[in-house]
Structure formats: structure tokens, C-alpha cells
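This is what each chain is made of:
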Amino acid sequence: MAGSNQIVARRAPERTCIGCRQTAGKRALVRVVRTAEGNVQVDQTGRRNGRGAYLHADPACWRTALGRDALTRALHTAVAPADREALEAYAAALPNRDSATP
Ligand SMILES: [Zn+2]
């Protein structure tokens, strides 16, 4: 039966990691959002309102992004010291990619 089992080709949305600047599927990236209050937070759900930036779940990308203020540019806002600390803590808790390989 032609057409009865139509496959809908869904293109995975690609985003650019602001750390290493490589593109990846959204699922491989962690979203950071600028809230309405001007806070910069990790968006675990990926659905929060506000301007977002994406980073690999890789501590190296976070260090790079935080080191050169990529978030400030991507989100068009200054990252408050407290938010920055929270992001650094989040990055530190991420598993290293190299050690994660089986
Ligand atoms: Zn990256």
C-alpha cells in the first residue's frame, strides 16, 4: 500500500556550540537561557522562554565559552558573577568526554 506508511523526514535542528563553534543536533547540546529577569541559567528542559545559546555537554566547551565571554555576546547580556559561578559549577560537574568513552 503506497503512502500508507509514509515516513516524515524530520530534519534535526542544528545549533552552533558557542564554545567550539561546531554545529550539532540540539540533543547533543545544552541550552543556556537568558531569563526575563536578566539571569543566565542552564535550561535543562530546552523550552524556557528567552534568548538561548547552546553548548556541548563538554566541560572544555564551557571553559572556552566562559573564558572568552562568548555567552555575553551570544545572549547580549552581561553574565552576573553569581550566574557565572553556577555555570562554572555546572560545567565542572559534566563528565569529561574522553573519560566517558567505554
Ligand atoms: Zn562545543
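To be clear, the structure that these remarks concern was listed above.
In what follows, the accompanying structure is described. All values derive from a computational prediction rather than experimental measurement. (Residues numbered from 1 in each chain as written. Predicted model: local features only at pLDDT ≥ 70, side-chain atom pairs only at ≥ 80, totals over all residues.)

## So, the sheet that holds strand β5 (residues 51-56)
Each strand in a sheet pairs with its neighbour through backbone hydrogen bonds, running either in the same direction (parallel) or in the opposite one (antiparallel). The condition is simple: Two strands make a pair as long as DSSP finds a minimum of two bridges between them. A helix here means a DSSP run of H or I that spans at least four residues, while a strand means a run of E at least two residues long, and both kinds are numbered starting from the N terminus. Where helices are involved, their axes are fitted lines through C-alpha atoms of the stretch in contact, as for all axes, and angles between N-to-C directions lie from 0 to 180°.
Pairing is antiparallel across the open sheet formed by three strands, whose spatial order is β4-β3-β5. Sheet topology places β4 (40-43) and β5 at the edges, where each strand pairs with a single neighbour. Across the sheet, the mean angle from the axis of one strand to that of its neighbour is 30°, orientation sign disregarded. Examined bridge by bridge, strand β3 (residues 29-34) and β4 share four bridges and lie antiparallel to one another. Bridging from a neighbouring strand, valine 32 pairs with valine 42 of β4.

## Observations regarding the pairing of β3
Consecutive residues of a regular strand have side chains that alternate between opposite faces of the sheet. Stated precisely, the cut-off is as follows: Exposure in this text rests on C-beta crowding, where 20 or more other C-beta atoms within 10 Å of a residue's own make it buried, 12 or fewer make it exposed, and counts in between make it partly exposed. The C-beta atoms are placed from the backbone.
Counting buried positions over the six residues of β3 gives five, a clear majority of the element. Where β3 lies against β5, six bridges are found, and the strand directions are antiparallel. Bridging from a neighbouring strand, arginine 31 pairs with tyrosine 54 of β5. Hairpin connection from β3 to β4: five residues lie between these consecutive antiparallel strands, with glycine 38 at a positive phi of about 90°.

## Digging into the nonpolar core
Operational definition: Structurally, a nonpolar core is described as a collection of buried Ala, Val, Leu, Ile, Met, Phe, Trp, Tyr and Cys residues joined by way of C-beta atoms within 7 Å. Contact between two residues is assigned whenever their backbone-derived C-beta positions fall within 7 Å.
One finds Ile18, Val32, Tyr54, Leu55 and Leu71 to be the most contacted residues of the largest nonpolar core, which totals 17 residues. Among the elements of the structure, β3, β5, α1 (59-67) and α3 (81-93) are those that each provide at least two residues to this core. Ranked by residue count, the leading element in this core is β3, at four residues. Look past the residues within four positions of leucine 55 in its chain and what remains in contact with it is Cys17, Ile18, Gly19, Leu29, Val30, Val32, Cys61, Trp62 and Ala65.

## Some remarks on the packing of α1 against α3
For clarity, the cut-off: Here the word oblique covers every angle except those under 35 degrees (roughly parallel), over 145 (roughly antiparallel) and from 65 to 115 (roughly perpendicular). Crossing handedness is read from the near helix: turned anticlockwise from the far helix by less than a right angle, it gives a left-handed crossing, and turned clockwise, a right-handed one. In this count, Pro and Cys sit with the nonpolar residues alongside Ala, Val, Leu, Ile, Met, Phe, Trp and Tyr, while Asp, Glu, Lys and Arg are called charged and the others, Gly among them, polar.
Between α1 and α3, the least distance of the axes is 8 Å, while the angle of their chain directions is 155°. Here α3 runs roughly antiparallel to α1, going by the angle between their axes. For the crossing formed where α1 meets α3, the hand is left-handed. Seen from α1, the contacting residues are Pro59, Trp62, Arg63 and Leu66; seen from α3, they are Arg84, Leu87, Glu88, Ala91 and Ala92. Here the residues of the contact of α1 with α3 are counted per class, giving six nonpolar, no polar and three charged.

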